Amino acid sequence: MVGYLHLDSVAEIMTTGQDGPRIVVLGGINIDLVAMTPRFPQAGETVVGNRFLSYGGGKGANQAVAAARMGGQTSMVGRVGDDIFAPQALQALVDSGVNVEPVGVTPGESTGIAVISIDDMAQNQIIQVLGANTTCGDEEEAQILTLLEHASTLLLQLEVSVDLSLRCAQAAKERGVRVILDPSPVRPLPEAFFSCCDIITPNETDAQALVGKAVSNPDQAAEAAAILLERGVGAAIVTLGPQGTHWATREGSAFVPAFPVDGIDSVGAGDAFNGALAVALAEGRDLGSAVRVASAAGALSVTRSGAQDSMPTRAEVEELLRSR
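The rules behind the values
- Residues numbered from 1 in each chain as written.
- Predicted model: local features only at pLDDT ≥ 70, side-chain atom pairs only at ≥ 80, totals over all residues.
- Heavy atoms only, no water.
- pLDDT = per-residue confidence, 0-100.
- Contact = heavy atoms within 4.5 Å.
- Buried < 20%, exposed > 50% of the residue type's maximum accessible area, 1.4 Å probe, protein only.
- Helix = DSSP H or I, 4+ residues; strand = E, 2+ residues; numbered from the N terminus.
- Arc of directions from axis to C-beta.
- Salt bridge = Lys/Arg side-chain N within 4 Å of Asp/Glu carboxyl O.
- Pairing = 2+ DSSP bridges.
- Axes fitted to C-alpha atoms, helices over the stretch in contact; angles between N-to-C directions.
- Core = buried A, V, L, I, M, F, W, Y, C linked by side-chain atoms within 4.5 Å.

Asker: Now, about the confidence of the model for the protein: what can you tell me, with residues and values included?
Answerer: For the protein, per-residue confidence averages 92 on the pLDDT scale, and 94% of positions sit at 70 or higher. Confidence over residues 1-17 falls short of pLDDT 50; this stretch has 52 contacts with residues more than four positions distant or in other chains.

Asker: Before we move on, could you go through helix H3 (residues 138-148) and cite the residues and values that matter?
Answerer: Taken together, the buried positions of H3 are occupied by Glu140, Glu141, Ile144 and Leu148. Buried residues of H3, viewed axially, fall in a sector of 100°; they line one side. Along H3, exposed side chains directed more than 90 degrees from the buried face belong to Asp138 and Thr146. Along its buried surface, H3 packs onto strand S1 (22-26), strand S4 (73-77), strand S5 (79-81), strand S9 (153-156) and helix H4 (162-174).

Asker: Tell me about the pattern of salt bridges, and please be specific about residues and values.
Answerer: Oppositely charged side chains can pair when the atoms bearing their charge come close. Going through the model one piece at a time under the given rule, you end up with 14 salt bridges. Put simply, Lys59 and Asp271 hold a salt bridge, and the shortest N to O gap is 2.9 Å. A residue pair is termed long-range when its members are at least 10 positions apart, and Lys59 in helix H1 (residues 59-69) and Asp271 in helix H8 (residues 269-282) qualify at 212 residues. Grouping residues by exposure puts Lys59 and Asp271 together as buried. With its nearest N and O atoms 3.0 Å apart, the salt bridge here joins Arg79 to Glu139. On the criterion of sequence distance, the pair formed by Arg79 in strand S5 and Glu139 in helix H3 is long-range, its members being 60 residues apart.

Asker: Lay out the sheet that holds S1 in plain terms, naming residues and giving numbers.
Answerer: Taken in spatial order, the 8 strands of this open sheet run S4-S1-S9-S10-S11-S12-S13-S14, and their pairing is mixed. Every other strand in the sheet has two partners, leaving S4 and strand S14 (253-257) as the edge strands with one partner each. Where strand S13 (residues 244-249) and S14 come together, 5 bridges link them in antiparallel fashion. Note on S14: the bridge partner recorded for Trp247 is Ala254. Packing against the sheet, helix H9 (residues 287-301) makes contact with strand S11 (199-200), strand S12 (235-239), S13 and S14, and its axis sits at approximately 155° to S13.

Asker: Please set out the nonpolar core residue by residue, giving values where relevant.
Answerer: Counting residues in hydrophobic clusters, the biggest one holds 52 residues, and the most contacted among them are Leu93 and Leu277. Of all the secondary structure elements, the ones that give two or more residues to this core are S1, H1, helix H2 (85-95), S12, H8, H9 and helix H10 (314-323). With 9 residues, the single largest contributor to this core is H9. If near-sequence neighbours (up to four positions away) are discounted, Leu93 is found in contact with Ile29, Ala61, Val65, Met76, Val98, Val100 and Gln308.

The following block contains the structure:
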């Protein structure tokens with residue numbers, strides 16, 4: 001494994017979260033190429049956009065940034081390619097205080113890329129090319145096993161192989177480390193994966209794919225959460241965007257309304273939610289309280305453009321919580 005340890009800021013990798021809970025993230029590292037457009041084009045149509053942005057992304061990397069900005073001592077495990085996008089992707093993580101020493105480089109592969117369109121209603125369409133993220137394997141598992149010795153939480157998504165994620169989840173479970181799975185981009189999951197998840201956090205689209213039923217309102221979210229509990233997860237948290245969030249365990253459940261904000265870009269909202277959730281739980285909050293913290297983080301993220309750039313700081317989240 002080769003790391004980009006020549007980056008200018010690596011000497012100050014952990015600029016935040018020095019005393020916070022240790023969060024380990026296994027997942028995708030991308031560069032997001034974003035076009036702002038009045039509306040999405042129809043098939044075969046060209047629409048003139050009004051703005052272009054490029055910034056660090058990837059669900060794993062976004063969640064690592066979110067956790068670091070909330071005060072977590074966060075390590076990222078994943079891979080980049082050997083192309084021009086890799087230094088940009090890694091520097092974005094370093095600048096947010098994420099430890100990138102466990103990140104590897106795959107020669108001959110592109111860094112993960114997401115091509116994103118955002119319309120005037122702040123909705124998004126995304127085409128993702130996973131690139132080097134698909135080459136994560138034994139070396140990343142070894143990194144995870146080392147980091148788990150001192151970690152409180154392992155954050156997982158599905159931008160790396162399901163088999164690798166399952167092995168790491170099983171290892172975390174054996175060591176008493178909390179496992180939080182964001183099942184996105186949604187893929188078929190082996191039943192053994194559900195019992196390894198202390199918490200699963202699908203949005204409405206992912207929940208529908210997982211349970212095979214429509215999930216578009218709080219009642220349907222509650223039904224989906226109940227099915228996921230039956231499959232073995234410790235807690236199910238189904239997010240419904242501006243409607244709010246339903247959480248459930250075998251002991252109880254509740255619906256948490258969303259914080260009303262003026263959204264401009266929904267990219268990364270779920271990642272802000274998951275990073276904040278991990279830190280709040282690791283600091284000892286109960287699930288209901290942690291979901292409210294995570295909901296505040298997710299709400300703030302949609303008020304600004306970008307993925308990692310939109311992840312709020314702890315001070316911003318606490319201010320929103322005090323004001324409502």
